[in-house]
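Architecture and fold: a report
These are the residues of each chain, in order.
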Amino acid sequence: MALPPPASFLLGLLLQGLLKPLWGQLVFVPPAIRMSGTEVSALLVGGTEDVSVSLALLQDETGILPVPTCGVPSNETGGWSLTVTPRMNVLEVTVRLERAVTLCSSNETESLPASPCLLETLLVSASLGASCSAHLLIQAEIYANSSLAQNASGMNNFAARQTEMRTRERTEGQMAENVTVIPNQVYQPLGPCPCNLTAGACDIRCCCDQECSKDAKDLFRQSCFPGVFGGDVNPPFDQLCSAPQTARRVPDWFPFLCVQSPLDNSPFLGYFYHGAISPKQDSSFEILLHADPKESSKIGYRQGDPIMTVDEAYFTIPQVSLAGQCVQNAPVAFLQNLDVQCVTDLEAYQARGSLNAKIRNGTIGGIVIPTVIYEEAASLEKFITVEGTASHKDSAPRLVHVEEHYVFRWNNNTISEIKVTVVRAGVPAHQRGKLTQRFTVKFLSCNSGNEKELSGNPGYQRGKPVRVLNADQVNSSATLHLWRPAGRGLCQAATLTPILFGDNALSGCLLEVRTNENCTELREAAVETLGSLIQATHVAARGNSNYDDLSDGWLEVIRVDAPDPGAGPSASNVSGVCPGVPAQLTIRILISAVGEVEGITQQEILGMETRISPVNWQFQCGLTCVDKADLLPLSASVQFIKIPAELPRPLTRFQINFTEYDCNRNDVCWPQLLYPVTGYYQGEPYSQCLAKGLILVSFLLSGLLLSNPWMRMCKSRNSPTC
């Protein structure tokens with residue numbers, strides 16, 4: 001290998017590179033490079049026209065560099081290539097190693113050499129004619145195990161040799177490949193050296209890479225990667241007393257309020273600390289809390305536990321995920337009702353497995369077999385949206401399940417009975433379209449009969465149906481509904497869904513109307529369609545109001561009906577225009593919090609109003625109106641309005657005139673400056689907040705008295721009390 005270039009020659013090149021740009025001559029920037037990779041670039045500036053660039057390998061071992069011959073091409077480059085790329089008024093010169101880098105020693109098991117595997121000196125010369133104008137001196141120190149060398153194209157032989165070595169060691173029965181040990185992320189960083197990206201090689205500028213030798217690190221020690229990427233994955237946080245304070249200014253009271261903690265307790269590792277761990281014997285109730293969910297099917301279900309079959313599998317039905325997609329095999333949870341709809345393609349429909357699967361009832365060896373009842377769908381318009389016609393009209397129809405209703409009877413923590421009602425329909429085997437399936441699960445107590453389910457006890461629970469009754473019918477039980485459109489969205493094919501307490505909702509459907517439709521009949525049809533949603537005269541104030549006792553918290557529904565269909569505005573002579581058609585139903589329900597039971601807020605209904613609003617309908621047609629059906633959109637909305645238990649305090653004159661102090665209108669809220677000790681804070685009792693506030697004030701006063709400005713003030717006055 002060639003010896004390093006003499007210092008005098010290198011100093012001459014540096015002076016030449018600094019002075020020549022001042023004279024307007026050719027010069028390489030930089031004039032000397034020390035490279036550790038397989039490729040390096042420099043710029044040739046000055047008058048670059050008619051300039052020839054040559055590369056020479058300096059192999060003189062006497063310490064005296066030969067005089068370069070400019071203008072004469074050299075064939076002895078030792079596997080190095082030279083590329084010149086013209087840029088704006090400059091030339092980019094790139095020197096690249098084309099040959100493979102061999103191992104540093106004959107010992108193949110030594111993968112981390114201490115000295116470079118390649119140590120050569122290159123000289124790039126720029127000439128105008130036969131005279132040399134500029135020189136670039138390159139000293140190459142390349143390690144075969146560096147990441148730059150392994151990524152080069154000439155490292156194929158080195159990689160093949162390493163593979164052969166590992167194969168031979170594995171044949172001899174030795175563990176050649178190191179097993180990666182992943183540390184516990186609770187106590188140690190997952191990657192102590194994030195910049196170590198190449199296995200078995202030294203990554204350039206990665207000073208924490210253990211695969212880099214000392215000589216290799218000396219090449220880039222001054223340009224190591226900083227921060228977390230460079231290996232500083234656990235820096236001391238600023239509030240630590242032992243953290244160095246030389247790089248930043250800290251206040252005088254920092255030693256008084258800093259945190260005394262070992263460096264192992266770092267916020268970069270979360271709230272965990274690798275301290276002494278004493279063995280702890282779990283109590284019996286804790287063992288039950290951490291039991292396997294599959295074991296709960298033998299010792300008793302808890303609310304939320306998945307229901308298991310005798311084959312140690314989950315009892316599943318299709319459900320809708322948070323992303324809105326239909327999951328075909330979602331577990332059913334104990335004591336959790338659900339009502340979902342899944343839309344699938346008829347061509348991709350697949351019949352589910354047997355519904356008579358044996359279910360564990362929650363006791364050891366206990367089994368419940370569901371009772372399945374099949375019913376036929378009355379109409380397919382509610383479930384199937386047809387796209388085209390069947391490709392084979394003579395094919396036999398197939399049965400598809402459009403609805404599945406599961407009713408579980410429970411007793412304490414066991415399941416006593418399961419009933420399944422399946423609604424199916426026959427469709428052509430090759431029919432194309434969309435299938436809307438409905439799946440419901442309801443858990444009922446074994447002691448409950450056919451009585452209506454409570455919506456709370458005593459107050460309403462959010463998500464439970466609003467309880468109403470119709471005093472004009474023999475069977476007074478009734479339900480408030482909204483539409484759940486299916487298929488084309490027509491009102492005739494729409495299903496109904498109950499109105500749930502506390503959930504504002506909006507729904508609608510389409511009513512078919514023809515051009516020559518009688519306006520009076522259209523108004524009657526719209527009123528009848530909207531009235532089918534609110535067939536109730538009273539609403540329950542509480543969630544457990546008795547249906548048989550009208551005086552048990554039942555409030556009369558306030559109705560603001562639409563005008564009489566026959567008394568509406570007279571129709572104009574133009575066909576297809578009907579004014580005053582009822583089309584919008586608005587339901588307003590007033591609710592309020594009336595108290596607490598065992599710390600749970602109880603909410604009641606104070607009143608309910610239904611209002612039907614008319615619109616002017618006109619048939620939409622183009623240049624000519626033909627006798628075809630048009631669509632009239634009907635909408636229904638429900639809104640829950642919360643009434644405060646106490647009237648809000650009236651605004652003061654100061655709050656009215658100075659709105660900049662209003663916390664509801666500005667980002668800065670001055671009245672809540674001392675939020676924990678004000679009446680706005682409801683997280684803790686006021687006495688505790690006041691005590692903590694006084695302690696904090698005492699700390700602040702102590703820090704102020706112990707600060708340097710106060711001490712200097714006392715010394716200046718030379719007071720005997722200081």
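Residues numbered from 1 in each chain as written. Predicted model: local features only at pLDDT ≥ 70, side-chain atom pairs only at ≥ 80, totals over all residues. Heavy atoms only, no water.

A look at the nonpolar core
Within soluble globular proteins, side chains that are nonpolar tend to cluster in buried spots. Grouped together as the largest cluster of nonpolar side chains are 44 residues, with contacts concentrated most on Val 466, Ile 589 and Leu 634. The set of elements that each furnish at least two residues to this core consists of strand 19 (467-469), strand 21 (481-484), strand 23 (505-513), helix 8 (519-531), strand 24 (538-540), strand 27 (577-597), strand 28 (600-618) and strand 29 (630-642). In terms of residue count, strand 27 provides more of this core than any other element does, seven residues in total. Apart from the residues lying within four places of it in its own chain, the contact partners of Ile 589 are Val 466, Ile 605, Gly 607, Met 608, Val 638, Gln 639, Phe 640 and Ile 641. Ala 42, Val 53, Trp 80 and Ala 134 belong to the second-largest nonpolar core, a separate cluster that totals 24 residues. (Core = buried A, V, L, I, M, F, W, Y, C linked by side-chain atoms within 4.5 Å. Buried < 20%, exposed > 50% of the residue type's maximum accessible area, 1.4 Å probe, protein only. Helix = DSSP H or I, 4+ residues; strand = E, 2+ residues; numbered from the N terminus. Contact = heavy atoms within 4.5 Å.)

So, the state of the cysteines
Tallied over the full model, the rule gives seven disulfides. Bridging Cys 195 to Cys 206, the disulfide has an S-S length of 2.0 Å. Taking the sign of the S-S torsion, about 70° here, the bridge from Cys 195 to Cys 206 comes out right-handed. Of the two residues, Cys 195 sits in the loop between helix 3 (156-171) and helix 4 (214-220) while Cys 206 sits in the loop between helix 3 and helix 4, which places them eleven residues apart along the sequence. The burial state of Cys 195 is the same as that of Cys 206; both residues are buried. (Disulfide = S-S within 2.5 Å.)

Concerning the pattern of salt bridges
Taken as a whole and judged by the stated rule, the model has 16 salt bridges. Between Arg 87 and Glu 92 there is a salt bridge, with the nearest N and O atoms lying 2.8 Å from each other. Of the charged contacts, one joins Asp 339 and Arg 438 as a salt bridge, the two residues approaching to 2.8 Å between their closest N and O atoms. Placement of Asp 339 in strand 11 (residues 338-345) and of Arg 438 in strand 18 (residues 433-445) is noted, with a sequence separation of 99 residues between them. Asp 339 sits in the partly exposed class, given a relative accessible area of 34%. Because the salt bridges share partners, they merge into one network encompassing Lys 214, Asp 218 and Arg 221. (Salt bridge = Lys/Arg side-chain N within 4 Å of Asp/Glu carboxyl O.)

Things to note about unusual backbone geometry
The omega torsion of the bond from Val 29 to Pro 30 falls at 0°, within 30 degrees of zero and hence cis. By the element assignment, Pro 30 lies in the loop between strand 1 (27-29) and strand 2 (32-35). Geometrically, the link from Asn 457 to Pro 458 is a cis peptide bond, its omega value of 0° lying close to zero. Tracing the sequence through the fold places Pro 458 in the loop between strand 18 and strand 19. The backbone of Arg 205 shows a phi angle near 70°, a positive value even though the residue is not glycine. Summarising the element assignment, Arg 205 is placed in the loop between helix 3 and helix 4. Owing to a relative accessible area of 34%, Arg 205 belongs among the partly exposed residues under this scheme. In this structure, Glu 312 takes a positive phi of about 60° despite not being glycine. By the element assignment, Glu 312 lies in the loop between helix 7 (293-299) and strand 9 (316-320). You can call Glu 312 partly exposed: its relative accessible area is 33%.

Considering the environment of Glu 387
With respect to the secondary-structure elements, Glu 387 resides in the loop between strand 15 (384-386) and strand 16 (397-411). By relative accessible area, Glu 387 is classed as partly exposed at 38%. As a C-alpha pair, Glu 387 and Leu 346 span 41 residues in sequence and 9.9 Å in three-dimensional space. If we ignore the near neighbours within four places in the chain, the residues touching Glu 387 are Arg 432, Gly 433 and Lys 434.

Some details on helix 8
For helix 8, which comprises 13 residues, the first-to-last C-alpha distance of 18 Å matches the rise-based estimate of 18 Å (1.5 Å per residue) to within 8%. For helix 8, the full list of buried residues reads Cys 519, Leu 522, Arg 523, Ala 526, Thr 529 and Leu 530. Projection of helix 8 onto a plane perpendicular to its axis shows the buried side chains occupying an angular sector of 130°, all on one side. N-cap assignment for helix 8: the residue whose side-chain oxygen lies 2.9 Å from the backbone N of Thr 520 is Asn 518. (Expected span 1.5 Å × (residues − 1). Arc of directions from axis to C-beta. Polar contact = N/O pair within 3.5 Å; in protein donor to acceptor, adjacent residues only side chain to side chain.)

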